[in-house]
Amino acid sequence: WARLTGRCGVALGTRGARRPNAAAALCTGEAAAAPPVLPSGHAGLRELGRGAFQELRQADMAIPVTKASWTAQSAATVGDDIAKAMRIALSGRPGPVHLSLPSDVLEDVVGSDVAAPAKSAFLPVVQPLAADTVTAVRVALAAAQRPLVLAGPAFCHAGAGDVLRRLSERTGVPAVAMESPRGINDPRLGAFAEVLARADLVVLLGKPHDFTIRFGEPPFVAADCRFIAIDPDQSLIERVAREKKSRLVASAVADAGAAAEALIAHAGPAAKPGAWAEEVEAAIGFRPPSWPQTKSATSGKLHPLELCRAIAPVLARDPDAILVCDGGEIGQWPQAVLSPRRRVINGVAGSIGASIPFAIAARKVEPKALVIAVMGDGTFGFHMAEFD
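Residues numbered from 1 in each chain as written. Predicted model: local features only at pLDDT ≥ 70, side-chain atom pairs only at ≥ 80, totals over all residues. Heavy atoms only, no water.

J.: Can you walk me through the overall build of the chain in this structure?
T.: Of regular secondary structure, the chain possesses 15 helices and twelve strands. Taken over C-alpha atoms, the radius of gyration comes to 23 Å for the chain, in line with the 21 Å a tight globule of 388 residues would show. Taking the principal axes of its C-alpha atoms as reference, the chain extends roughly 65 × 65 × 35 Å. By the burial criterion, 46% of the 388 residues in the chain qualify as buried. Nonlocal contacts in the chain, meaning residues at least 24 apart in sequence, comprise 74% of its contacts between residues at least 6 apart. On the chain, roughly 18900 Å² of surface is accessible, and the fraction owed to carbon and sulfur atoms is 58%. Here the chain contributes 41 positive and 38 negative side-chain charges, whose respective centroids are spaced 4 Å apart. (Helix = DSSP H or I, 4+ residues; strand = E, 2+ residues; numbered from the N terminus. Rg over C-alpha atoms; globule rule 2.2 N^0.38 Å. Buried < 20%, exposed > 50% of the residue type's maximum accessible area, 1.4 Å probe, protein only. Contact = heavy atoms within 4.5 Å. Areas by Shrake-Rupley, 256 points an atom, 1.4 Å probe, with all protein chains shown as cover. Lys, Arg positive; Asp, Glu negative; His and termini not counted. Charge placed at Lys NZ, Arg CZ, Asp CG, Glu CD.)

Okay, structure coming up:
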């Protein structure tokens, strides 16, 4: 829900041992820069430390996979807790938030003087890109011969890709959103790894410097390639500084979306794509020429490409269609050859098994649009009961 709408998805969970089961899924949300909020039950405050039923330090357990995790302390402030959770989830780099709701807090009675939070309390805090940084980025891009903008997973959600497209059109610099656990070998990106190795400037726009770009090391990225880091998380900028040292030529703490809009606003007229932009586009669009005719060599069996060729015209008939891809291998094929306007994949965390719940959430987002989930048998085995 969060990835398809850009708003907070809310997942209610029970307390105790079931709570860590739900928390395990937050790894996927955290890596995908998605903003789900997980309120869960909790042993009563008056019973803590006395051996309460299903007493567990569940808020502490969720900290490593959330932006914030705490336990509500009063019925009068639960509304403020919910507003705070949503604001944190949506602000900066989107990510999951956990809130434990003790049973006695939920059962308490509040007076008429307790008001619901104002709508503004739920809205994200925006960190704009400073004007001097906008100038520094523009100067660096103009001086580079083969620049690339690498954007984080948030640019793959809820229409955010349009911002990236406008940024590329206005600046003439190729901008690529990355959300696959296969990183530079993302099947959607074709031969992208070949052009990345030739870039002389990489702008990390809300994109962590991590394994997905092979840590920016040769031969995957040129040894003299320079970097710019723009991220709402100071620690991720510090990581680039630590890894690249003097090759980090500019950095700023700012929201990636707001930064992209600032760069668009201060760019000149739409730039005509140059040879480098055309080369990057061709590399990303490359697919083996044999694929359109590839068939299974075994009678009675299908090659994955035959499956995808059957799905393609069905997807094409519905512009609002949503494609869900999941699984270690089978999920890679539709990512490589199908191009719906909206899709949901497992994300950078690389966990498999969520395709059926993802598809059910997609149906809630789009009650009438076509939803197709492609998965392997192992993936199906995780959650077939979700059909019920």
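J.: Help me understand the sheet that holds strand 5 (residues 147-151) in this model?
T.: Pairing between the strands of a sheet comes from backbone hydrogen bonds, and it takes one of two forms, parallel or antiparallel. What the five strands build is an open sheet, ordered 6-5-7-8-9; its pairing is parallel. The sheet terminates laterally at strand 6 (175-177) and strand 9 (248-253), the two strands that pair on one side only. Along the sheet, successive strands turn relative to each other by an average axial angle of 15°, direction set aside. Where strand 7 (residues 201-205) meets strand 8 (residues 226-231), five bridges bridge the pair, whose relative direction is parallel. Across the sheet, residue L204 finds its bridge partner in strand 8, namely A229. Across the sheet, helix 9 (residues 234-244) lies against strand 7, strand 8 and strand 9, angled at about 170° from strand 9, the strand it touches most. (Pairing = 2+ DSSP bridges. Axes fitted to C-alpha atoms, helices over the stretch in contact; angles between N-to-C directions.)

J.: What's the story with the packing of helix 7 (residues 161-171) against helix 10 (residues 256-265) in this structure? I'm lost.
T.: When two helices pack together, their arrangement is captured by the angle between the axes and the distance separating the axes. Interhelical geometry of helix 7 versus helix 10 gives an angle of 30° and a closest axis separation of 9 Å. By the angle between their directions, the pair helix 7 and helix 10 is classed as roughly parallel. In this structure, helix 7 crosses over helix 10, and the sense of that crossing is left-handed. Counting all contacts with helix 7, which are made through V163, R166, L167 and R170, the residues of helix 10 involved are A260, E261, L263 and I264. A per-class count over the contact of helix 7 with helix 10 returns five nonpolar, no polar and three charged. (Parallel < 35°, antiparallel > 145°, perpendicular 65-115°, else oblique. Left-handed = near helix turned anticlockwise from the far one by under 90°. Nonpolar A, V, L, I, M, F, W, Y, C, P; charged D, E, K, R; others polar.)

J.: Is there a simple way to explain the environment of G327 in this structure?
T.: Mapped onto the elements, G327 comes out in the loop between strand 10 (322-325) and helix 13 (332-337). Every residue in contact with G327, bar those within four places of it in the chain, is listed here: Q332, I352 and T379.

J.: Sorry, what's going on with the side chain of S100 here?
T.: Position of S100 relative to the elements: it lies in strand 4 (residues 97-102). On the basis of relative accessible area, S100 is assigned to the buried category, the value being 0%. Engagement of the side chain of S100 in a polar contact is seen with the side chain of Q58, the distance being 3.0 Å. Setting aside chain neighbours within four positions, we find S100 in contact with S40, G41, H42, Q58, A59, W70, T71 and A72. (Polar contact = N/O pair within 3.5 Å; in protein donor to acceptor, adjacent residues only side chain to side chain.)

J.: I keep staring at the sheet that holds strand 1 (residues 9-10) and nothing clicks. Help me out?
T.: On the basis of which strands lie adjacent, the open sheet formed by four strands has the order 1-2-4-3 and parallel pairing. Both edges of this open sheet fall to strand 1 and strand 3 (68-71), since each of them pairs with a single strand only. Bridge count between strand 2 (residues 36-42) and strand 4: six bridges; the pairing is parallel. By the bridge assignment, S40 is partnered in strand 4 with S100. Here helix 2 (residues 18-31) sits on the sheet in contact with strand 2 and strand 4, set at roughly 170° to strand 2.

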